Each structure stands twice: as C-alpha cells, then as structure tokens.
Amino acid sequence: MERITKKVRLGSRLEKLVPGLLLAIASISILTSIGIVFTLVVDASHFFKEVPLSEIFSKELAPLRSKDPSFGFLPLIMGTLTTSVIAMLVAAPIGLMAAMYLSEFVKPKMRRILKPIIELLAGIPTIVYGFFAYNFVTPLLMKWIPDLGAKNVLSPGIVMGIMIIPIVTSLSEDAMSAVPKVIREGAYGLGSTRLETTVKVILPAAISGVIASFVLAISRAIGETMIVTIASGSSKQFTTSIIEPMQTMTAYIVEFTSGDAGSGTIGYYSLYAVGLLLFVFTLCMNLLAKYIIKKYRREY
Amino acid sequence: METKNSVKFKIENMDFHYGDFQALKNINLEIKENEITALIGPSGCGKSTFLRSLNRMNDLIENTKVDGSITLDGVDIYKDYDVIDLRLRVGMVFQKPNPFPMSIYDNIAYGPRLNGIRKKSVLDKIVEKSLRAAAIWDEVKDDLKKNALALSGGQQQRICIARTLAVEPEVILMDEPTSALDPIATLKIEDLINELKKDYTIVIVTHNMQQAGRISDKTAFFLMGELIEFSETDKLFSNPENKKTEDYITGRFG
Ligand SMILES: Nc1ncnc2c1ncn2[C@@H]1O[C@H](COP(=O)(O)OP(=O)(O)OP(=O)(O)O)[C@@H](O)[C@H]1O
Ligand SMILES: [Mg+2]
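Being a predicted model, the structure only gives us computed values, none of them experimental. (Residues numbered from 1 in each chain as written. Chains lettered and ligands numbered in written order. Predicted model: local features only at pLDDT ≥ 70, side-chain atom pairs only at ≥ 80, totals over all residues. Heavy atoms only, no water.)

## Here's the deal with helix 3 (residues 74–105) of chain A
Because each turn of an α-helix spans 3.6 residues, side chains separated by three or four positions end up pointing in the same direction.
Line of reasoning, step 1. Spanning 32 residues, helix 3 of chain A covers 44 Å between terminal C-alpha atoms, matching the ideal 46 Å at 1.5 Å per step.
Line of reasoning, step 2. Along helix 3 of chain A, the helix axis deviates most sharply at Ala91(A), where the bend reaches about 25°; the proline Pro93(A) sits within four residues downstream. (Helix = DSSP H or I, 4+ residues; strand = E, 2+ residues; numbered from the N terminus. Expected span 1.5 Å × (residues − 1). Bend = angle between axes of the 7 residues up to and from the residue.)

This is the structure in structure tokens:
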C-alpha cells in the first residue's frame with residue numbers, strides 16, 4: 001500500500017514536469033522554423049527593395065551580367081515546374097499501381113518483403129540519382145531523341161520520378177490498407193472482382209491519403225536539388241522544351257552559394273528571394289495537402 | 001407443419017478448416033426457398049464461418065479449406081460455380097453496416113453498374129425500387145446525393161440491404177444484421193426481413209433468440225463447430241430434442 005502511494009506521488013511529480021519538457025522540445029523546432037522564415041524574409045527584402053516585381057516575373061535571367069544584371073525568375077520557376085511535373089507523371093501512375101498491387105493483390109507475407117524493397121529507393125543518395133540521370137538515362141534517351149541535349153530536364157525529371165515513387169507507394173498503400181475489411185467484403189459480396197474492388201471501392205475510400213501522397217511527392221520533387229544540378233544544367237534561357245537544359249530554383253541557389261555571388265551584392269540577396277519563393281511553393285503544397293485530407297477524410 | 005418449398009442450399013458432410021483448426025464438423029443441412037433460416041449458438045461456434053461458406057466469402061481468408069459439398073439449386077458452389085456469379089445470386093449483409101464511402105445513390109447503383117447497366121433512367125428505377133424494398137426510400141429520397149456514411153447506423157444498414165437487393169440475388173445472407181443497432185432500428189430491420197421473405201431466401205445469424213423466434217421459419221443450433229439441432233423454429237424453442245439445445249435456449253449455457 002505504502003509503496004504504491006509513493007510511486008503515485010513520484011509519478012505525479014514527473015507528470016507535471018513532462019508537459020514543460022515537451023514544450024521546450026517542441027519550441028526548438030518551432031523556433032527553428034521561425035528563424036528560417038525570418039532570415040529568408042529579411043534578406044529577401046533587400047532584394048525586393050531593389051528589383052521591381054515586373055522584373056522578377058520576367059523571362060530574362062542574367063544575374064552575373066556586369067552591366068545591368070536582370071533577375072527574371074520565370075526560367076527558374078519553369079525549370080522547377082517542368083521537372084516536378086515530369087517526375088509526377090512517372091511517380092503517380094507507377095507509385096499508385098504499386099500501392100494497389102501491394103495493398104490488394106499480394107499476400108501479406110509477400111507485402112512484408114516487397115514494401116521495404118520499394119522503400120529502399122528512397123534511401124539512395126540523391127547524388128547517385130544525379131549521376132544515374134546524367135550518365136545513364138540521358139545517353140539512353142538520346143537513342144530515341146537525337147536532339148536531346150546532354151543537359152536537359154526530361155532525364156532528371158524521370159529519375160526524380162523514380163526517386164519519389166516510394167513516397168507515393170508507401171503512403172497510398174498505408175491509406176488503402178487502412179480501409180476497413182468490412183468495406184472490402186461488402187464489395188466482394190456484391191460480386192466485384194479484385195480489380196473492381198480495388199479501383200471502384202478501395203481507391204475512392206482511400207483518396208485523401210492517395211492525394212496527400214501525391215502532394216508530398218510533389219513537394220519532394222520541388223525541393224530536390226542534386227539530381228537537377230547535375231543533369232539539367234544551368235541554362236538561364238527561358239524555354240518550354242523538355243529536351244533542352246533548364247535551371248531549377250534549387251539548382252540556382254546551389255550555383256550561387258558555391259561562390260559566384262559576393263556577400264551583400266544583389267545577386268547574393270537573390271538567393272534568399274528564390275529561397276523564399278521555394279518556401280512559399282512548398283508551403284502552398286502542404287496547405288493544399290492539409291485541405292484535401294480534411295475535405296476527403298472519411299471516418300469509419 | 002413441414003413446408004413444401006423447394007431446397008435452395010443443400011449442405012452435405014461439410015467440414016471447414018482455418019489452417020489446422022477445424023471450425024465446422026460434418027454439417028448436414030437443407031435451406032429452403034422463401035424461408036428464413038436462423039443460425040444460433042454461442043460465440044465462436046462457427047455460425048459466421050458457416051454463413052460465409054454459402055457465398056464463398058471465406059475464400060478471401062488464406063489457408064481455409066472446405067470439404068463435403070454445398071449445392072445451390074443442385075449445383076456445387078465450390079466446384080461448378082464462378083465465384084462472382086455465385087455472389088451475384090447469394091448476397092450478403094454484414095454485422096457492422098458497411099456502406100461504401102460514396103453517395104447513397106452510388107452505393108445502390110454500384111452493383112448494377114458493375115453488371116454493365118449505364119443508362120441513368122434504368123439506374124434511377126433500380127435505385128428507387130431497391131430503396132423502397134429496403135424501407136428507407138421515404139427517409140432518403142430527397143437526399144440521394146448525400147454521403148451514405150452521414151446516415152444513422154440503422155439507416156446505413158438498410159442502405160446496405162438495398163444495395164444487396166439492387167443486384168437481385170436469390171438468397172440473402174445476414175450476419176447479425178441488427179447487433180449494432182438500437183431496438184427501434186432493429187424492429188424496422190426485422191419487419192423488413194419478414195417482408196423480403198416473399199421474394200428471397202434468407203439465412204440469418206443472430207445472437208438474439210427472441211429475434212430468431214420472431215422472424216425465422218427454421219432454426220439451426222450450432223455448438224463448437226457442430227450442428228446440434230435443426231428444425232422448425234417453434235419446435236426448436238418449445239420442444240427441443242437435444243439436451244444441449246435446451247440448455248442453451250433456457251440460458252443455462254453460454
Ligand atoms: N480468420 C480466422 N482464422 C482462424 N480462425 C478463425 C477465423 N475466423 C474464425 N475463426 C475461428 O473459428 C471459430 C468459429 O468462428 P465464427 O466466427 O464462425 O464464430 P461465430 O459463431 O460467428 O461467433 P460469434 O457469435 O462470436 O460471431 C472460432 O473458434 C474462431 O476463433
Ligand atoms: Mg459471427
């Protein structure tokens with residue numbers, strides 16, 4: 001009896017400490033986020049003070065031109081969007097089909113073997129993917145597309161797509177497996193085949209998770225740096241052709257942080273502006289994901 | 001008062017295994033057309049297993065084995081049937097209402113659409129007819145676009161019954177269809193089942209002996225994987241032949 005009450009008291013004292021401790025830990029990550037946004041905004045504001053919006057949203061990007069440099073970000077935005085869209089065109093169908101296969105067509109034992117193998121793709125360092133794109137996929141694609149540049153957005157887009165397949169597969173598979181068994185049985189009970197059950201019942205029931213996986217994968221593609229730095233070049237020419245080189249926002253930041261822009265110059269501050277833009281892009285994606293999940297979430 | 005209805009399901013020397021575990025032992029039973037057959041017995045005795053064998057729902061579970069024979073209108077459902085065709089003829093309503101997370105209309109139209117019916121006017125008719133037959137038309141007719149999950153449990157269960165009726169099965173299997181519902185919703189479903197008897201053969205698992213008494217023509221009592229007694233419901237409850245049946249229905253057991 002005595003020992004029990006003592007333990008309870010000790011436990012309750014610990015209990016009072018825990019929320020404070022957790023708050024402190026949580027604050028670290030919150031403060032870091034605030035700090036990052038703060039630096040971005042402060043340093044980017046130097047840039048926005050000097051460069052008019054009309055220039056920022058123009059197609060002319062020539063940051064290193066000694067006389068009258070120009071900071072049009074449209075080529076970068078185009079580069080980022082194009083590579084991300086190509087990546088999603090690869091990752092969404094393949095990732096989703098893999099998820100459907102794993103969730104509905106494979107025995108649990110097989111799933112436990114296959115899923116980690118697919119997830120392995122996510123663990124490969126991006127520099128390896130970059131070389132893979134530049135040294136293997138681009139030369140391979142040249143066999144069919146003779147006009148393909150040695151640097152282009154098609155090849156890194158595809159490779160980036162392969163890289164983000166596991167994000168789509170893993171999260172979509174989780175969402176589909178989480179659909180209650182009784183729903184599945186309801187579909188089979190009405191004479192549905194396995195494919196009909198998967199496509200017409202399970203997929204719609206899991207749609208919020210599936211869309212969230214897409215959005216997360218897009219965010220990952222937008223933020224991806226190494227693959228595009230290596231394989232899509234640093235051309236600042238505005239183009240819409242996927243067989244030509246383009247620079248993405250992330251690759252631009254890499255190029256300029258590795259020394260081309262002296263601290264305090266307008267070129268230096270342009271990094272923060274691009275960084276801020278990137279941040280806004282991914283933030284929008286995350287908010288979109290939240291909204292979609294909330295809108296389509298089903299409670300069973 | 002032996003009925004003259006023809007035999008729908010004939011189960012002979014049926015054994016059922018989950019892996020090494022034998023869940024049903026040597027079951028012999030006839031289920032007649034346009035009758036309500038109730039399956040009773042303590043938890044774990046194999047009622048659901050038996051019921052789910054009748055539309056081969058157990059096929060979805062790995063490592064299960066059925067021996068003996070089950071015929072539907074004289075045709076062996078495990079040997080001479082495509083499982084899809086079987087499930088179209090033998091519909092199922094589950095313990096927990098399980099409407100699909102889509103509109104009421106789409107829930108009901110799901111089965112007909114699978115079977116190639118695309119015309120809106122035809123689907124409209126089927127949806128209305130099925131919802132009426134499931135006694136829920138008046139409650140939802142103005143709101144067919146509403147998500148079925150937004151309905152109450154009792155309404156959801158009737159949607160599930162309507163969804164089953166929409167594919168025009170001959171037999172409806174029900175596994176404790178009212179166990180998740182309140183007494184009023186339960187009575188509604190019971191009335192509905194009585195109504196459906198005219199057109200369908202119904203097999204229902206129930207834990208509620210009053211319910212079995214109220215709605216069924218025949219009752220089968222299962223115990224530990226064996227069929228202990230099967231007879232007219234009135235007889236089984238008033239004058240059981242087997243001591244174990246008597247113990248169970250008088251509450252001296254499980
Ligand atoms: N998927 C399964 N794998 C292995 N054993 C199972 C499985 N499903 C049921 N069983 C076993 O088979 C036996 C019969 O189960 P069943 O679900 O048919 O019982 P029941 O009569 O429907 O019980 P309840 O009234 O609780 O629903 C039980 O001992 C159960 O543990
Ligand atoms: Mg059961």
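## Here's the deal with the interface of chain B and chain A
You'll often see interface size given as the accessible area lost when the parts meet.
Line of reasoning, step 1. Taken together, the 22 residues of chain B in the interface contact 21 residues of chain A.
Line of reasoning, step 2. Buried surface at the junction of chain B and chain A, both sides included, amounts to about 2000 Å², of which 66% is carbon and sulfur.
Line of reasoning, step 3. The largest share of the area that chain B buries against chain A comes from Pro101(B), Tyr110(B) and Leu114(B), three residues that together contribute 26% of it.
Line of reasoning, step 4. Applying the counting criterion to the chain B and chain A interface returns one salt bridge.
Line of reasoning, step 5. Close ionic contact of Glu185(A) with Arg52(B) constitutes a salt bridge, the shortest N to O distance being 2.9 Å.
Line of reasoning, step 6. For the side of chain B that touches chain A, the elements supplying multiple residues, two or more each, are helix 2 (83–89), strand 6 (90–93), helix 3 (104–114) and helix 6 (153–165) of chain B. (Contact = heavy atoms within 4.5 Å. Buried area = accessible area lost by both parts, 1.4 Å probe. Salt bridge = Lys/Arg side-chain N within 4 Å of Asp/Glu carboxyl O.)

## Focus: the environment of Ile207(A)
Line of reasoning, step 1. Position of Ile207(A) among the secondary structure elements: in helix 9 (residues 207–223).
Line of reasoning, step 2. Along the backbone, Ile207(A) and Thr197(A) are 10 residues apart, and their C-alpha atoms lie at a distance of 14 Å.

## Comments concerning the packing of helix 9 of chain A against helix 12 (residues 266–296) of chain A
Residues and elements named next belong to chain A.
Line of reasoning, step 1. Interaxial distance between helix 9 and helix 12 falls to 8 Å at its minimum, and their mutual angle equals 175°. In this view, helix 9 runs roughly antiparallel relative to helix 12, as classed from their interaxial angle. Facing Ile-207, Ser-208, Ile-211, Ala-212, Val-215, Leu-216, Ile-218, Ser-219 and Ile-222 of helix 9, the residues of helix 12 in contact are Leu-278, Phe-281, Thr-282, Met-285, Asn-286, Ala-289, Ile-292, Ile-293 and Tyr-296.
Line of reasoning, step 2. Considered class by class, the residues forming the contact of helix 9 with helix 12 number 14 nonpolar, four polar and no charged. (Axes fitted to C-alpha atoms, helices over the stretch in contact; angles between N-to-C directions. Parallel < 35°, antiparallel > 145°, perpendicular 65-115°, else oblique. Nonpolar A, V, L, I, M, F, W, Y, C, P; charged D, E, K, R; others polar.)

## Let's talk about the domain arrangement of chain A
Residue and element names in this part refer to chain A.
Line of reasoning, step 1. By the assigned domains, chain A splits into domain 1 (2–50) and domain 2 (70–296).
Line of reasoning, step 2. For domain 1 versus domain 2, the separation of C-alpha centres amounts to 31 Å.
Line of reasoning, step 3. Every contact between the two is made by 10 residues of domain 1 and, on the other side, 10 residues of domain 2.
Line of reasoning, step 4. Approximately 920 Å² of surface area, both sides summed, lies buried where domain 1 meets domain 2, with 88% of it carried by carbon and sulfur atoms.
Line of reasoning, step 5. A per-residue breakdown of the area domain 1 buries against domain 2 is headed by Leu-40, Asp-43 and Phe-47, which together make up 60% of the total.
Line of reasoning, step 6. Linking domain 1 with domain 2 are zero salt bridges, by the criterion used here. (Domains from an automatic or database assignment.)

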